[in-house]
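Fold and geometry: a report
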Amino acid sequence: MSGKLRVHVDQDKCQGHSRCKALAPELFDLDEFGNAHEAGDGTVPPGLEDKAYLAKSNCPELAIDIIED
Amino acid sequence: MNKPAPVTDWVHDFDHTDPRWTENPFPIWDELRAECPVVHTERFLGVYLPTTYEAVKQVSYDTEHFSSRRVIVRNVRPEITQSAPPITSDPPAHKPAKQLLLPPFTPDAMKKLEPRVREICNELIDEFINDPKVDAAARYTKHIPVRAIAHMLGIPEKDSELFIKWIHEILELGITDDEAMVRAIHEMSSYFIGHIEARKKHPTDDLISTLMHAKDKDGQPLSDMHVLGSLRLLLIAGIDTTWSAIGASLWHLAKTPADRERLVAEPQLMPTAIEEFLRAYAPVTMAREVMKETTISGCPIKPGNMVLLSFPAANRDPAMFPDADKVVIDRKENRHAAFGLGIHRCVGSNLARMEMTVAIEEWLKRIPDFRLDPTGEVKWSEGTVRGPRQLPLLLGKPR
């Protein structure tokens with residue numbers, strides 16, 4: 001039984017590689033410097049779970065957490 | 001100049017300018033990695049080389065023991081007079097210098113530049129599309145990044161031959177020929193001073209003007225020296241790096257028909273293919289200077305030495321990447337370090353990705369069939385940035 005997922009970008013770790021934005025544009029936004037943060041409160045809409053995990057597994061700085069509520 | 005002695009013992013006496021390293025470094029890195037996560041050479045006044053992803057990552061994140069004030073391993077270590085912030089900056093000066101450069105290089109900013117890059121690629125292809133053979137390094141890959149960065153900076157694209165000459169003198173000749181390097185930096189500096197002075201009288205809407213109008217963390221305008229240093233950096237870092245990455249990608253596709261045919265048939269694979277080319281053929285090796293005694297992956301590290309920070313070797317570490325020695329164009333999980341790790345992540349990574357994608361897409365659209373010319377020779381650049389400098393290809397289907 002899987003619950004609802006949320007993504008979170010650790011601002012201290014993100015260095016702006018913008019891989020998450022390329023792979024899951026619905027789930028992440030970039031600031032004016034190109035550093036990423038989760039879109040809204042980070043809730044992953046149904047159907048985008050794979051993209052969330054894809055973004056996490058391509059972040060070179062290990063800055064993305066996926067939280068199961 | 002004396003030619004360095006050929007390497008006979010890579011583990012204790014490596015040389016990253018040895019012709020065998022230049023030609024094919026991958027088996028050398030595999031040999032070194034199997035021996036120890038960090039090796040050392042007495043050459044170049046003392047250099048360590050981490051070969052595992054973990055060790056490269058550790059050095060990248062540790063700005064206390066490893067300084068960026070020198071980022072190229074050379075035969076000499078003259079006093080530092082010319083800096084190129086933020087690449088040669090350490091904390092706390094690094095962050096404000098880097099933040100000035102980031103906004104012009106976001107993915108959205110690159111989307112605006114993309115149409116011009118597509119035109120540049122097609123203008124170049126027009127010149128050789130009817131030829132049966134072409135040196136793709138000299139006539140295609142070489143010209144794309146330099147024209148794109150000239151376009152961004154607001155300097156004439158026709159000056160690109162000049163930039164290419166300076167970069168060769170700084171990055172390749174400069175390893176052993178201090179005079180060539182100093183001369184090239186002087187020429188480049190006077191060139192840019194001219195452009196800075198011109199913009200003081202007639203402001204323009206380009207990256208040089210953006211930098212000139214930027215404010216530092218105390219709200220003060222940047223000094224001409226800071227602007228100059230950043231311009232030098234953008235030119236040096238933005239050109240032969242992406243030239244190399246595009247060239248290595250074309251080289252791979254020329255010698256691997258299965259990947260080439262698949263990418264032509266399934267263009268939606270382009271994003272993962274580009275990331276995989278970046279991993280497998282990462283062009284850039286940076287360096288750090290050891291400031292304090294420490295250890296990397298258990299190996300003792302002493303001040304007075306440099307560290308060759310080989311992102312390309314990290315990207316081939318089988319402990320990090322399954323089938324690390326294979327090019328898998330649909331690799332799903334790819335945390336490659338081609339653009340570095342930590343605070344010095346390449347400012348131009350979004351630019352490089354866009355240029356690579358556009359250059360390969362436009363090439364494959366117009367030249368879906370090509371292969372290495374068996375009568376020609378592929379030549380690779382030496383030193384800090386590795387990529388094909390001569391890439392003879394036969395165009396069209398084999399007859």
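This text goes with the structure placed above it.
Note that the coordinates shown come from a computational prediction; the quantities given were computed from them, not determined experimentally.

1. A look at the overall build of chain A
Helix and strand content of chain A: two helices and four strands. When the helices and strands of chain A are listed from N to C terminus, the series reads β-α-β-β-α-β. Here the C-alpha radius of gyration of chain A, 11 Å, is about what a compact globule of 69 residues would show, namely 11 Å. On the principal axes, the C-alpha backbone points of chain A span a range of 35 × 20 × 15 Å. Considering only residue pairs separated by 6 or more positions, chain A has 64% of its internal contacts joining residues 24 or more positions apart.

2. Comments concerning the overall build of chain B
Counting secondary structure elements, chain B contains 16 helices and 12 strands. The C-alpha atoms of chain B give 21 Å as radius of gyration, which agrees with the globular expectation for 399 residues (21 Å, within 12%). When the backbone C-alpha atoms are referred to their principal axes, chain B occupies close to 60 × 60 × 45 Å. Counting only residues that meet the buried cut, chain B has 48% of its 399 residues in that class. Sequence-distant contacts in chain B: of pairs separated by 6 or more residues, those separated by 24 or more amount to 69%.

3. As for the nonpolar core
Grouped together as the largest cluster of nonpolar side chains are 114 residues, with contacts concentrated most on B:Ile149 and B:Val307. When residues of this core are assigned to their parent elements, the largest contribution, 17 residues, is made by helix H12 (residues 224-255) of chain B. When near neighbours in sequence (up to four residues on either side) are disregarded, B:Ile149 contacts B:Leu234, B:Leu235, B:Gly238 and B:Ile239. With 15 residues, the next largest nonpolar core counts A:Cys14, A:Ala24, A:Ala36 and A:Ala52 among its residues.

4. Focus: the sheet that holds strand E8 (residues 306-310) of chain B
Residue and element names in this part refer to chain B. The mixed open sheet is built from five strands, whose spatial order is E1-E2-E8-E5-E3. The open sheet has two free edges, formed respectively by strand E1 (38-41) and strand E3 (66-67), since each of these has just one partner strand. Two elements, strand E5 (residues 285-290) and E8, share five bridges in a ladder whose sense is antiparallel. Looking at the pairing, arginine 288 lines up with valine 307 of E8. Seen against the sheet, helix H4 (residues 53-61) touches E1, strand E2 (47-50), E3, E5 and E8 and runs at an angle of roughly 120 degrees to E8.

5. Focus: the interface of chain A and chain B
Tallying the contact residues gives 16 residues for chain A and 20 residues for chain B. Here the residues of the side of chain A that touches chain B are counted per class, giving six nonpolar, seven polar and three charged.

6. Describing the environment of A:Lys21
Locating A:Lys21 in the fold gives a position in helix H1 (residues 19-23). On the basis of neighbour count, A:Lys21 is assigned to the buried category, with 22 C-beta atoms found within 10 Å. Separated by 36 residues in the primary sequence, A:Lys21 and A:Ser57 place their C-alpha atoms 13 Å from one another. With sequence-adjacent residues up to four places away left out, A:Lys21 is seen in contact with A:Phe28, A:Leu30, A:Ala36 and B:Pro107.

7. Concerning the sheet that holds strand E12 (residues 392-395) of chain B
All names here are of chain B. Taking strand neighbours across the sheet as the criterion, the three strands line up as E4-E12-E9 in an open arrangement whose pairing is antiparallel. Strands at the two margins of the open sheet, each flanked by one partner only, are strand E4 (133-135) and strand E9 (370-372). Neighbour-to-neighbour, the strand axes of the sheet open up by a mean angle of 30 degrees, direction not taken into account. As judged from the three bridges shared by E9 and E12, these two strands associate in the antiparallel manner.

8. As for unusual backbone geometry
Cis geometry marks the peptide bond from B:Pro85 to B:Pro86, where omega comes out at 5 degrees. Residue placement: B:Pro86 occurs in the loop between E3 and helix H5 (94-101). With an omega of 5 degrees, the peptide bond running from B:Pro91 to B:Pro92 counts as cis. Within the element layout of this structure, B:Pro92 appears in the loop between E3 and H5. Positive phi values are uncommon outside glycine, yet A:Ser18 reaches one of about 60 degrees.

9. Concerning helix H14 (residues 270-280) of chain B
In terms of residue burial, H14(B) counts as a mostly covered element, since eight of its 11 residues are buried. At its buried positions, H14(B) is contacted by H12, helix H13 (257-265) and helix H16 (349-366) of chain B.

10. As for the packing of helix H6 (residues 107-128) of chain B against H16(B)
All names here are of chain B. Packing of H6 against H16 brings their axes to within 9 Å, and their N-to-C directions diverge by 35 degrees. Judged by the twist between their axes, the crossing of H6 over H16 is right-handed. Residue-level contacts link Pro107, Met110, Glu114, Val117, Arg118, Cys121, Asn122 and Ile125 of H6 to Asn350, Leu351, Met354, Glu355, Val358, Ala359, Glu362, Trp363 and Arg366 of H16. Residue composition of the contact of H6 with H16, grouped by class: 10 nonpolar, two polar and five charged.

11. Quick notes on the environment of B:Arg386
Residue and element names in this part refer to chain B. Within the fold, arginine 386 resides in the loop between strand E10 (379-380) and strand E11 (388-390). Its 25 C-beta neighbours within 10 Å are what place arginine 386 among the buried residues. For the pair arginine 386 and threonine 285, spaced 101 residues apart in sequence, the C-alpha separation works out to 8.3 Å. When sequence neighbours within four positions are dropped, the list of residues in contact with arginine 386 reads Ser244, Pro283, Pro312, Trp380 and Ser381.

12. Side note on the packing of helix H9 (residues 160-172) of chain B against H12(B)
Residue and element names in this part refer to chain B. Contact pair H9 / H12: the axes reach a minimum separation of 10 Å and the direction vectors enclose 95 degrees. The angle between the axes of H9 and H12 places the two elements in the roughly perpendicular class. Across the interface between the two elements, Phe163, Ile164, Ile167, Ile170 and Leu171 of H9 pack against Leu235, Ile236, Ile239 and Asp240 of H12. For the contact of H9 with H12, the per-class residue count stands at eight nonpolar, no polar and one charged.

Rules used in this analysis
Residues numbered from 1 in each chain as written. Chains lettered and ligands numbered in written order. Predicted model: local features only at pLDDT ≥ 70, side-chain atom pairs only at ≥ 80, totals over all residues. Helix = DSSP H or I, 4+ residues; strand = E, 2+ residues; numbered from the N terminus. Rg over C-alpha atoms; globule rule 2.2 N^0.38 Å. Contact = placed C-beta atoms within 7 Å. Buried ≥ 20, exposed ≤ 12 C-beta atoms within 10 Å, placed from the backbone. Core = buried A, V, L, I, M, F, W, Y, C linked by C-beta atoms within 7 Å. Pairing = 2+ DSSP bridges. Axes fitted to C-alpha atoms, helices over the stretch in contact; angles between N-to-C directions. Nonpolar A, V, L, I, M, F, W, Y, C, P; charged D, E, K, R; others polar. Left-handed = near helix turned anticlockwise from the far one by under 90°. Parallel < 35°, antiparallel > 145°, perpendicular 65-115°, else oblique.

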